[in-house]
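Topology and contacts: notes
One letter stands for each residue in the lines below.
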Amino acid sequence: MTREALQSKLKILVKQVYSNRTITPEEAIQYDELTKFPELKAVIVDLLTQQYDNFVASIDWVAPRPSTFRINLKNDQLFYLIYGKRSWIAQIEGKKYYLLNLPEEQHAAEAIARILRYGVKAEEGEDASIGGDMGAETPIEEPPSEEPEA
């Protein structure tokens, strides 16, 4: 392989890798924090894959120091990403995962998968007892009203 052939192959590979890491205009409009903090996208992609847009509803910057981001998922669940001194920290359901360690990053991804399985929160008017009594209605008894003596 000649030097020129190697250089041309490297240029093609660099363009491919770089194009995967750039932020598209649609992402810039939808997720403003990704344009301000490009490292954040890499962390989100590590935890949720390139298809993170299917699961993330919005990203909020909630604290300047340490930089803390609230990741709101489409099923009304959320988790936090905190930029620490050495690495990112994912806080999911109250537990912190230090993403510098590969096993903890894997546990964080599993915790995110778990909260994605929760589904959408039930509204006030909806029946929240799924699988409880299988739709059997229980009558509500009202206490007898007592009239005050005159």
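Residues numbered from 1 in each chain as written. Predicted model: local features only at pLDDT ≥ 70, side-chain atom pairs only at ≥ 80, totals over all residues. Heavy atoms only, no water.

Some remarks on helix 5 (residues 102-116)
With 15 residues, helix 5 ought to run about 21 Å at 1.5 Å a step, and its terminal C-alpha atoms sit 21 Å apart, in line with that. Buried within helix 5 we find E105, A108, A111, I112 and I115. For helix 5, the angular spread of buried residues about the axis comes to 120 degrees, placing them on one side. Residues of helix 5 that are exposed and angled more than 90 degrees away from the buried face: L102 and P103. Elements that come into contact with the buried residues of helix 5 comprise helix 4 (38-48), strand 2 (68-73), strand 3 (78-83), strand 4 (88-92) and strand 5 (95-98). (Helix = DSSP H or I, 4+ residues; strand = E, 2+ residues; numbered from the N terminus. Expected span 1.5 Å × (residues − 1). Buried < 20%, exposed > 50% of the residue type's maximum accessible area, 1.4 Å probe, protein only. Arc of directions from axis to C-beta. Contact = heavy atoms within 4.5 Å.)

Details of the pairing of strand 5
Here strand 4 pairs with strand 5 via 4 bridges, running antiparallel. Looking across to strand 5, one finds that A90 is bridged to Y97. As consecutive antiparallel partners, strand 4 and strand 5 are separated by 2 residues, and within that stretch E93 has a phi angle of approximately 55 degrees, a positive value. (Pairing = 2+ DSSP bridges.)

Regarding helix 4
Turning to helix 4, its buried residues number three or more, namely L40, K41, V43, I44, V45, L47 and L48. Directly after helix 4, the chain includes T49, whose backbone phi takes a positive value near 70 degrees.

A closer look at the sheet that holds strand 3
Taken together, the 5 strands give an open sheet; going across it, the order is 1-2-3-4-5, and neighbouring strands pair in antiparallel fashion. Sheet topology places strand 1 (56-63) and strand 5 at the edges, where each strand pairs with a single neighbour. Across the sheet, the axes of successive neighbouring strands diverge by a mean angle of 25 degrees, strand direction being ignored. In terms of strand pairing, strand 3 meets strand 4 through 4 bridges, oriented antiparallel. Among the inter-strand pairings, Y83 is bridged to a residue of strand 4, identified as W88. Along the sheet face, helix 4 touches strand 1, strand 2, strand 3 and strand 4 and points at about 135 degrees away from the line of strand 3. Where helix 5 meets the sheet, its contacts fall on strand 2, strand 3, strand 4 and strand 5, and the angle it forms with strand 5 comes to roughly 140 degrees. (Axes fitted to C-alpha atoms, helices over the stretch in contact; angles between N-to-C directions.)

Examining the pairing of strand 3
Two strands pair when backbone bridges link them, and strand 2 and strand 3 are joined in this way by 5 bridges, in the antiparallel orientation. Of the residues in strand 3, the one forming a bridge with T68 is I82. A loop of 4 residues connects strand 2 with strand 3, the two strands running antiparallel in sequence, and D76 in this loop sits at a positive phi of about 65 degrees. The hairpin formed by strand 3 and strand 4 contains 4 residues between the paired strands.

Considering the side chain of N72
One can find N72 in strand 2. In this structure the side chain of N72 is engaged in a polar contact, spanning 2.8 Å, whose partner is the side chain of S58. Here D60 takes part through its side chain, which lies 2.8 Å from a polar atom of the side chain of N72. Leaving out residues up to four positions away in the same chain, N72 has contacts with F55, V56, A57, S58, D60, Q77 and L78. (Polar contact = N/O pair within 3.5 Å; in protein donor to acceptor, adjacent residues only side chain to side chain.)

Observations concerning the pattern of salt bridges
Where charged atoms from two side chains of opposite charge come close, those side chains can pair. A full pass over the atoms with the stated rule returns 2 salt bridges. Measuring nitrogen to oxygen at the nearest pair gives 3.4 Å for the salt bridge that ties R70 to D60. Placement of the pair is R70 in strand 2 and D60 in strand 1, with a sequence separation of 10 residues. Among the salt bridges present, the one from R114 reaches E93, with a minimum N-O distance of 3.8 Å. Taken together, the residues R114 in helix 5 and E93 in the loop between strand 4 and strand 5 connect sequence positions 21 residues apart. (Salt bridge = Lys/Arg side-chain N within 4 Å of Asp/Glu carboxyl O.)

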